[in-house]
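Structural characterization, general
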Amino acid sequence: MTTDNDSPQEPEEPGAEFSPTHPLLIPAFCSYLMVRLFTIVSATGMRLIIAWQAYIVARDTMSTGWAAAVLGLIGLLQFVPLLVCTPVAGLVADNIKRTLIAKTTLLLLIGVSLVLAVASYGGWVSLPLIFFLATMLGAVRAFQGPAIGALAPNIVPPLLLPRAIAFSSITWQTGAIVGPAIAGYAYAWAPHYAYLLSALLFGLALGGLVLVGHVPQAPPQKDRHPVRQILDGLLYVRGNRLVFGAITLDLFAVLLAGTTALLPVYAHDLLHVGSKGLGQLAAAPGIGAALTAIWFSYSPLKYNVGPKMMWSVVIFGLATMLFGATAFMPESISLNVALAAMVLWGAADMVSVFVRQTLIQIHTPDAMRGRVGSVSMLTISASNELGEAESGFLAALIGPVAAVIVGGAGAILVTLAWLRLFPELRYARSFDPPEELEKQSEGGLTAS
């Protein structure tokens with residue numbers, strides 16, 4: 001018996017039988033968006049509740065500084081398994097059916113959600129249990145991210161990919177808005193309801209994958225040793241300066257300016273808004289990002305994409321500094337200013353994400369998308385989970401407010417450094433595929 005990956009033929013060209021003019025006219029892509037939505041709603045909601053629950057448990061016996069360090073440790077525990085698993089995860093995504101990998105990881109996430117629901121209901125949630133499950137979540141995400149992320153380019157035609165990525169980003173950001181908000185309210189009702197909701201949504205995502213159906217992908221490279229294939233992915237990222245610069249810019253900017261780890265500290269001890277206010281703060285970046293993504297879905301970026309990405313990271317840093325400063329503001333306006341800052345934070349981040357992901361997808365061959373996506377996933381996780389660890393530990397040393405403000409300033413400095421280190425980024429004028437740019441270059445030479 002053979003599988004889809006056993007065929008020696010090249011993958012079918014998406015849209016070969018018909019020529020859709022919009023990604024939403026492709027049923028498989030609509031199902032893919034459903035998978036993205038339910039997965040992100042559940043994952044972001046559960047991630048927030050885990051952090052909140054850990055902080056509340058820690059505050060029973062620890063000071064604010066040490067409890068913030070616990071939040072940093074949770075981020076670190078999610079990053080370490082992802083770091084270890086990333087090389088293998090990318091290879092797996094390029095050699096095994098990606099939809100099968102995605103289904104397996106969703107089943108594991110359902111299991112984690114149910115364990116946390118039972119523990120919350122029984123009243124035996126503890127920091128060691130949270131630490132163990134956070135580690136497991138990091139390992140699962142290492143395999144899930146490259147597998148799901150590499151599906152879209154083989155579902156839609158290349159010309160529709162920028163718009164498809166915009167819609168995918170809208171879905172992601174919608175989930176980032178809805179997930180924390182409903183998780184916060186569900187937790188306020190009863191802690192175990194938040195985790196039961198996550199399990200249900202992961203199950204709906206699993207059903208969406210069934211509707212996606214067969215997704216073609218390049219055949220595995222059976223003539224190359226697995227270690228050599230892993231190195232190929234790493235060397236490709238390192239050798240393509242446009243891809244490498246885009247990935248590392250996000251890595252260091254978000255690593256320094258990631259404020260999400262300290263949201264429980266702000267909600268509990270600085271702004272005094274409780275779990276419901278925490279849900280609003282966590283949802284605010286998604287609102288800004290979703291509005292930006294909706295704009296891109298109707299009017300995608302076409303020109304000067306590199307410079308716009310660089311400016312968005314600067315604004316990202318400024319919004320982070322503004323959020324940090326809300327701790328000094330009167331309570332009558334502090335929450336509203338914090339929400340506005342996080343909306344701006346999310347909008348700026350969405351511009352950076354849209355440009356970066358489009359450039360990476362367009363400039364990466366399909367046979368390497370799993371491995372390159374795995375490297376991208378590693379840097380995203382490093383900027384998020386490792387950034388949470390950095391924020392938590394720095395907050396324990398110099399205080400949460402100073403940690404946030406210093407981080408925002410650091411993101412701006414990184415952008416200025418990348419202007420000099422990677423001029424390819426500021427010279428990136430469009431999303432044209434490499435072969436199209438080569439044709440344009442040859443045409444210019446011929447004309448001259």
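Before going into details, it helps to say that this report is about the structure given with it.

Calculation notes
- Residues numbered from 1 in each chain as written.
- Predicted model: local features only at pLDDT ≥ 70, side-chain atom pairs only at ≥ 80, totals over all residues.
- Heavy atoms only, no water.
- Salt bridge = Lys/Arg side-chain N within 4 Å of Asp/Glu carboxyl O.
- Helix = DSSP H or I, 4+ residues; strand = E, 2+ residues; numbered from the N terminus.
- Buried < 20%, exposed > 50% of the residue type's maximum accessible area, 1.4 Å probe, protein only.
- Core = buried A, V, L, I, M, F, W, Y, C linked by side-chain atoms within 4.5 Å.
- Contact = heavy atoms within 4.5 Å.
- Phe/Tyr/Trp six-rings, centres within 6.5 Å; stacked < 30°, edge-to-face > 60°.
- Polar contact = N/O pair within 3.5 Å; in protein donor to acceptor, adjacent residues only side chain to side chain.

Details of the pattern of salt bridges
- Under the counting rule described, the total for this entry stands at one salt bridge.
- In this structure, Arg59 and Asp269 form a salt bridge, with 3.5 Å as the shortest nitrogen-oxygen distance. One end of the pair, Arg59, is in helix α1 (residues 27–59); the other, Asp269, is in helix α9 (residues 263–270), with 210 residues separating them in the sequence.
- Arg59 sits in the partly exposed class, given a relative accessible area of 26%.

Things to note about the nonpolar core
- Of all hydrophobic cores here, the largest spans 109 residues; its most connected members are Phe29, Tyr32, Ile155, Leu281, Phe323 and Leu425.
- A per-element tally of this core places helix α12 (residues 331–362) first, with 14 residues.
- Beyond its immediate stretch of four places on either side in the chain, Leu281 contacts Leu263, Ala267, Leu271, Phe323, Leu335, Ala338, Leu339 and Met342.

Some points on the packing of aromatic side chains
- Scanning the model with the defined rule gives five aromatic pairs in all.
- Ring centres 4.8 Å apart and planes at 35° place the aromatic pair Phe316 and Trp345 in the tilted group. Note that Phe316 is positioned in helix α11 (residues 305–325) and Trp345 in helix α12, a separation of 29 residues in sequence.
- Owing to a relative accessible area of 8%, Trp345 belongs among the buried residues under this scheme.
- Seen from their ring centres, Trp418 and Phe422 are 5.7 Å apart, and the 35° between their planes marks the pair as tilted.
- In this structure Trp418 comes out as buried when scored by relative accessible area, which is 11%.

As for the side chain of Thr320
- Tracing the sequence through the fold places Thr320 in helix α11.
- Residue Thr320 is classed as buried on the basis of its relative accessible area, which comes to 1%.
- At 2.9 Å, the side chain of Thr320 and the backbone oxygen of Phe316 are in polar contact.
- Dropping the residues within four chain positions of it, Thr320 is found in contact with Ala257, Thr259, Trp345, Val404 and Gly408.

Let's talk about α9
- Of all eight residues that make up α9, six are buried, and the element is covered over most of its length.
- For α9, every residue scored as buried is listed here: Leu263, Pro264, Val265, Tyr266, Ala267 and Asp269.
- Just past α9, the residue His272 takes up positive phi, approximately 55°.

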